[in-house]
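Analysis of the macromolecular model
Listed below, chain by chain, are the residues.
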Amino acid sequence: MSEEQKKILEQQLWNIANTLRGKMNADEFRDYILGFIFYKYLAEKMEIFANSILKEDKIQFREIKEDTVEGSAYIDAIREEALETLGYFLKPSELFSEIAKRGNSDTNTFILEDLQKILTNIQLSTMGTQSEEDFDNLFEDMDLNSTKLGKTAEARNEIIVKVLLHLDEIDFQLNDTELDVLGDAYEYLIGQFASGAGKKAGEFYTPQEVSKILAKIVTTGKNRLKSVYDPTCGSGSLLLRVAREVKDVSNFYGQEMNRTTYNLARMNMILHGVHYRQFDIKQEDTLEHPQHLNDMPFEAIVANPPFSANWSANPLFLNDDRFSQYGKLAPSSKADFAFVQHMIYHLAENGTMAIVLPHGVLFRGAAELHIRKYLIEQKNYLDAVIGLPANIFYGTSIPTCIMVFKKCREKDDTILFIDASGEDSFVKEGNQNVLRHQDVEKIIATYRNRTAIEKYSYVATLDELKENDYNLNIPRY
């Protein structure tokens, strides 16, 4: 698919999304449009899979008559294989194009009830199977009876039919396994919604350029990863970005507190062709209730946690293996270092982690200074500090940085500082500052080669950090 075709597809999807724009705000109509795209994907995937099974019988899945004995036997056989391979099942009458066709018939068919039933049936088809948790309540944010879609059932039906018909005309080219047209388009839409969702955007979206930097850092020197983990995974984009940088990732792990965003992440994984057995996304507060202690350690860890979030800082955590060795907890009003400690605990000996944090973590005192000092002086885990431009994240203009940690740094007692916040390191687009391709490449090349460039990067010794009392403020170096 050419760049031009990709842009046309993105524009088509955004236009369809805008059908709902007048009805509700961005983060509400996001749930509907992304949910319908996901349903269309599942239906088309199901049909391709079923047709491949039926090839020898020279019949098509949608031609099967469900109410006949023969049809019923076919359905049962296909269901069994689909649940094993795809993790879910849809009947021919439940296919996306079939329901869209019904809504578009001359008889003005009312499809809302059928549609709601189909979405429920997708989830029910997984009950008692290995994929049950991955599909559990995936469509719960799509209330087709919501008055936000229209005051009357007829009005709601009309708008939904319109959306389905527009979507039905788009070819996602799922037969071409080399292409990830839909995955890319889905990512594009998530980005568009993030830019229109203000402060809420930070909950589920990391700008692509920042994702790229994190992904390239944690995959440096590697072609394959056994595991990648994101403790605050949002819509899952960061995990998927890491996968693009290597030939293969065996397993994806993530945790997300927000229920709607957790649903988005699972959809995003499936849409990008990640098999249900290869990902494990959990919904829960990462610091208070970590869900992947039995799956660790992880070879690559990436995160863009909520900046300076509140957490309990319960003194009991001083007995928790994640925090106990430091002797101090991150302050309750600033959980930044609690996330760092949590991630380091989950990191494999040969692993790399990269985390986006507010600049304050580099120089704030008290408990945070104590933790910083321990990580550098006692453990020598800090590998690099990268300063990013201000106003690069949706919903906040504060300057941020990336901190990179590794456990195996015995031979290296230097820390690389990169200042990518200068005016020649980004461009302004509307209200946002944006990193260009060359800006990202410069950061990565500098990180990988550990080069010192005047007014841009500096390789500091541990003694220099000690002289500065472990204040990591970038201009000092």
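From a predicted model like this one, the values you see are computed outputs, not experimental measurements.

**Remarks on helix α12 (residues 336-346)**
With ten of its eleven residues buried, α12 lies for the most part within the structure. Of the residues making up α12, those classed as buried are D336, F337, A338, F339, V340, Q341, H342, M343, I344 and H346. Residues of α12 that are buried in the fold lie against β1 (224-230), β4 (298-303), β5 (347-358), α13 (366-378) and β7 (400-406).

**Here we look at the pattern of salt bridges**
Under the criterion given, the structure shown has 21 salt bridges. A salt bridge links R450 to D412, with the nearest nitrogen and oxygen atoms 3.5 Å apart. With R450 in the loop between α14 (437-449) and β11 (457-461) and D412 in the loop between β7 and β8 (414-419), this residue pair connects regions lying 38 residues apart in the sequence. For R450, a relative accessible area of 23% gives the class partly exposed.

**Some words on the packing of helix α4 (residues 96-103) against helix α7 (residues 153-168)**
Viewed as axis vectors pointing N to C, α4 and α7 meet at an angle of 130°, and their least axial separation amounts to 9 Å. If you check the angle between α4 and α7, you find them oblique. You can see that α4 and α7 cross each other, and the crossing is left-handed. For the pair formed by α4 and α7, the contact residues are F96, S97, I99, A100 and G103 on the first element and V161, L164, L165, L167 and D168 on the second. Counted by class, the contact of α4 with α7 contains seven nonpolar, two polar and one charged residues.

**Quick look at the sheet that holds strand β2 (residues 248-256)**
Within the open sheet, the nine strands sit side by side as β3-β2-β1-β4-β5-β7-β6-β8-β11. Their pairing is mixed. Each edge of the sheet is formed by a strand with only one pairing partner; in this case those strands are β3 (279-283) and β11. Across the sheet, the mean angle from the axis of one strand to that of its neighbour is 15°, orientation sign disregarded. Along the sheet, helix α10 (residues 237-244) contacts β1, β2, β3 and β4; its crossing angle with β1, the most-contacted strand, is approximately 165°.

**Some remarks on the packing of α12 against α13**
Between α12 and α13, whose axes approach to 10 Å, the crossing angle comes to 30°. Overall, the two elements α12 and α13 adopt an arrangement that is roughly parallel. Crossing handedness for the pair α12 and α13: left-handed. Two secondary-structure elements touch here, α12 through D336, F337, V340, Q341 and I344 and α13 through E368, I371, R372 and L375. Considering only residue class, the contact of α12 with α13 consists of five nonpolar, one polar and three charged.

**Here's the deal with the packing of aromatic side chains**
Applying the stated criterion across every chain, the model contains eleven aromatic pairs. Aromatic pair F307 and F393: ring centres 5.5 Å apart, planes at 85°, arrangement edge-to-face. Taken together, the residues F307 in the loop between β4 and α12 and F393 in the loop between β6 (382-387) and β7 connect sequence positions 86 residues apart. Overall, the relative accessible area of 21% leaves F307 in the partly exposed class. Three or more aromatic residues joined by ring pairs form one cluster here, namely Y229, Y253 and F298.

**Remarks on the nonpolar core**
In terms of nonpolar packing, the biggest core is built from 112 residues, with F36, Y39, L42, M46, F61 and F139 touching the most fellow members. The dominant element in this core, judged by the number of residues it contributes, is helix α2 (residues 26-54), at 15 residues. The residues touching F139, leaving out its near neighbours within four places in the chain, are G35, F38, Y39, L42, L119, I122 and M267. Counting residues in hydrophobic clusters, the runner-up holds 45 residues, among them I301, V340, I355 and F405.

About the criteria used
- Residues numbered from 1 in each chain as written.
- Predicted model: local features only at pLDDT ≥ 70, side-chain atom pairs only at ≥ 80, totals over all residues.
- Heavy atoms only, no water.
- Buried < 20%, exposed > 50% of the residue type's maximum accessible area, 1.4 Å probe, protein only.
- Helix = DSSP H or I, 4+ residues; strand = E, 2+ residues; numbered from the N terminus.
- Contact = heavy atoms within 4.5 Å.
- Salt bridge = Lys/Arg side-chain N within 4 Å of Asp/Glu carboxyl O.
- Axes fitted to C-alpha atoms, helices over the stretch in contact; angles between N-to-C directions.
- Parallel < 35°, antiparallel > 145°, perpendicular 65-115°, else oblique.
- Left-handed = near helix turned anticlockwise from the far one by under 90°.
- Nonpolar A, V, L, I, M, F, W, Y, C, P; charged D, E, K, R; others polar.
- Pairing = 2+ DSSP bridges.
- Phe/Tyr/Trp six-rings, centres within 6.5 Å; stacked < 30°, edge-to-face > 60°.
- Core = buried A, V, L, I, M, F, W, Y, C linked by side-chain atoms within 4.5 Å.

Honestly, it's all geometry; don't read function into it.
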